[in-house]
Amino acid sequence: MHAFAIDQLGEAGSLHELAMPAMAADRLLVRVRAAGVNPADWKLRDGLFGTPKRPFPIVLGGDFAGVVERVGAQVRDFAPGDRVFGIAPGGSYAEYVSVESSAVLAKIPQRISDAHAAALPTAGLTALAAVEWLELHASESLLVVGATGGVGGYAVQIAKARGVHVIAVARSSNELAARELGAAEIVAYDLVDVVAAVHAKHPGGVDAVVDVVSDDSALKRMAGVLRCPGGRLASTIFAADETWFSEHGLRAANIATQQTPQWSRSGLEDLARLTERKALRVHIAAEVPLADAALALERSKTGRVTGKIVLTI
Ligand SMILES: NC(=O)c1ccc[n+]([C@@H]2O[C@H](COP(=O)([O-])OP(=O)(O)OC[C@H]3O[C@@H](n4cnc5c(N)ncnc54)[C@H](OP(=O)(O)O)[C@@H]3O)[C@@H](O)[C@H]2O)c1
């Protein structure tokens, strides 16, 4: 089968002809139709996650949508012909993936396309996990930093669907995109000082922050927008000094999505339900053929993608 893989860390990656993935009694073989691109894909490729646990060649990616081709003898919940989406630990930039039936895997509702389903898993589950951790109630306020990217775009919509007042921090040229996601207010980070602007409009502080961008020192500044005591902040890039926040009357968490309850079939089913009832809209920034995955990864690496890039396979 064709797969986009690397033979060593740091290379751009290329199309490989690889053996079909191994099957087992508790596994499904899925013909992949679309693979979602996430920053984690180029971070793994570039060695930012250290030595990989898998042998080379390493197939990149994780998020996928496709059709079940075969199931092992012990598989009960899925059958050949089912459309499924999820996360393939062995990489998804490939014509086929083999996944355990207990993996992060769910059926795709009829009205959701393969590209849209493939754009959901990692970013959607991270947004869901962050919003859950923040325990947001209707009429509370949430500031989303990085609001028009993958995680941020879903976080804005999931919070909005819960009746939360969402303030999006986005580039000024993305104001319309942020409004379309459901943000009630936009703060253009390229035009104003975010902390000063939010503080001026919300002198009592906002209830919560999801931040997918700021480093440790920027987050400590960002803490200035939170109501104190009781404000809470979720970082997706492991930049929150949780002890420092707690010493300042705040709560902070570094969201490791793979260790949350949302990293599961039920998390995916939540995303599918939200998408079906149009509370969650998937914005596809680009659909790129598998052969051009290196270009898609370079675009992701700019950190300037509005919505999600999806590979078509
Ligand atoms: N911890 C976990 O389990 C986990 C899970 C998923 C993702 N992540 C990480 O979370 C991060 C975000 O992921 P993603 O998929 O959302 O990435 P993404 O799709 O590339 O989105 C990043 C967003 O950040 C915005 N941005 C860049 N600089 C900014 C700034 N100074 N202020 C405000 N916004 C800014 C960009 O918007 P503009 O175009 O407007 O600049 C872009 O929309 C990545 O580092 C990813 O690896 C972690």
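Placed above this text is the structure.
This structure is a prediction, so every number in the text was calculated from the model and none was measured.

I keep staring at the packing of aromatic side chains and nothing clicks. Help me out?
Geometrically, a pair of aromatic rings is defined through the distance of the ring centres and the angle of the planes. If you walk through the whole model with that rule in mind, you get two aromatic pairs. On the basis of an interplanar angle of 55° and a centroid distance of 6.3 Å, the ring pair of Phe4 and Tyr93 is categorised as tilted. On the criterion of sequence distance, the pair formed by Phe4 in strand S1 (residues 2-6) and Tyr93 in the loop between strand S6 (83-87) and strand S7 (96-100) is long-range, its members being 89 residues apart. Neither Phe4 nor Tyr93 differs from the other in exposure class; each is buried.

Help me understand the packing of helix H3 (residues 121-134) against helix H4 (residues 150-161), please; the structure alone is not making it clear to me.
When two helices pack together, their arrangement is captured by the angle between the axes and the distance separating the axes. Packing of H3 against H4 leaves a shortest axis separation of 8 Å and a crossing angle of 50°. On the basis of their axis angle, the class for H3 and H4 is oblique. The element H3 and its partner H4 pack so that their crossing is right-handed. In contact with Ala123, Gly124, Thr126, Ala127, Leu128 and Val131 of H3, H4 contributes Gly150, Val151, Tyr154, Ala155 and Ile158. Split into classes, the residues belonging to the contact of H3 with H4 amount to eight nonpolar, three polar and no charged.

What is the right way to read the site of the ligand from this model?
In the vicinity of the ligand, 24 residues are found, and the nearest of them are Lys43, Arg171, Tyr189, Thr236 and Ile255. In the environment of the ligand, an oxygen atom lies 2.9 Å from a nitrogen or oxygen atom belonging to the backbone of Gly150. Within the side chain of Thr257, one N or O atom sits 2.9 Å away from an oxygen atom of the ligand. Protein coverage of the free-state accessible area of the ligand, which is 930 Å², stands at 85%.

What am I meant to see in the sheet that holds strand S2 (residues 14-17) here?
Across the sheet, three strands lie side by side as S2-S1-S4; this open sheet has antiparallel pairing. Only two strands of the sheet have a single neighbouring strand rather than two, namely S2 and strand S4 (58-59). For S1 and S4, the ladder comprises two bridges, and the chain directions are antiparallel. Within the sheet, the bridge partner assigned to Ala5 lies in S4 and is Val59.

Help me understand the pairing of S1, please; the structure alone is not making it clear to me.
Remember that side chains alternate between the two faces of the sheet whenever the strand is regular. Within S1, four of the five residues are buried, which leaves it mostly tucked inside the rest of the structure. Two strands pair when backbone bridges link them, and S1 and S2 are joined in this way by four bridges, in the antiparallel orientation. What sits directly across from Phe4, in S2, is Leu15.

I tried to follow the sheet that holds strand S11 (residues 185-188) on my own but got confused; where do I start?
Within a sheet, neighbouring strands are paired by backbone hydrogen bonds and run either parallel or antiparallel to one another. The six strands lie next to each other as S11-S10-S9-S12-S13-S14, forming an open sheet whose pairing is parallel. Each edge of the open sheet is held by one strand with a lone partner, namely S11 and strand S14 (251-254). Strand-to-strand twist in this sheet, taken as the mean axis angle between neighbours without regard to direction, amounts to 15°. Bridge count between strand S9 (residues 141-145) and strand S12 (residues 208-211): four bridges; the pairing is parallel. Bridging across to S12, Val144 finds its partner in Val210. Relative to the sheet, H4 contacts S9, strand S10 (165-170) and S12, its axis offset from that of S9 by approximately 170°. Contacts from helix H6 (residues 194-201) reach S9, S10 and S11, with the element oriented near 150° to S11.

Reading the values: rules and limits
Residues numbered from 1 in each chain as written. Predicted model: local features only at pLDDT ≥ 70, side-chain atom pairs only at ≥ 80, totals over all residues. Heavy atoms only, no water. Phe/Tyr/Trp six-rings, centres within 6.5 Å; stacked < 30°, edge-to-face > 60°. Helix = DSSP H or I, 4+ residues; strand = E, 2+ residues; numbered from the N terminus. Buried < 20%, exposed > 50% of the residue type's maximum accessible area, 1.4 Å probe, protein only. Axes fitted to C-alpha atoms, helices over the stretch in contact; angles between N-to-C directions. Parallel < 35°, antiparallel > 145°, perpendicular 65-115°, else oblique. Left-handed = near helix turned anticlockwise from the far one by under 90°. Contact = heavy atoms within 4.5 Å. Nonpolar A, V, L, I, M, F, W, Y, C, P; charged D, E, K, R; others polar. Near = heavy atom within 4 Å. Polar contact = N/O pair within 3.5 Å; in protein donor to acceptor, adjacent residues only side chain to side chain. Areas by Shrake-Rupley, 256 points an atom, 1.4 Å probe, with all protein chains shown as cover. Pairing = 2+ DSSP bridges.

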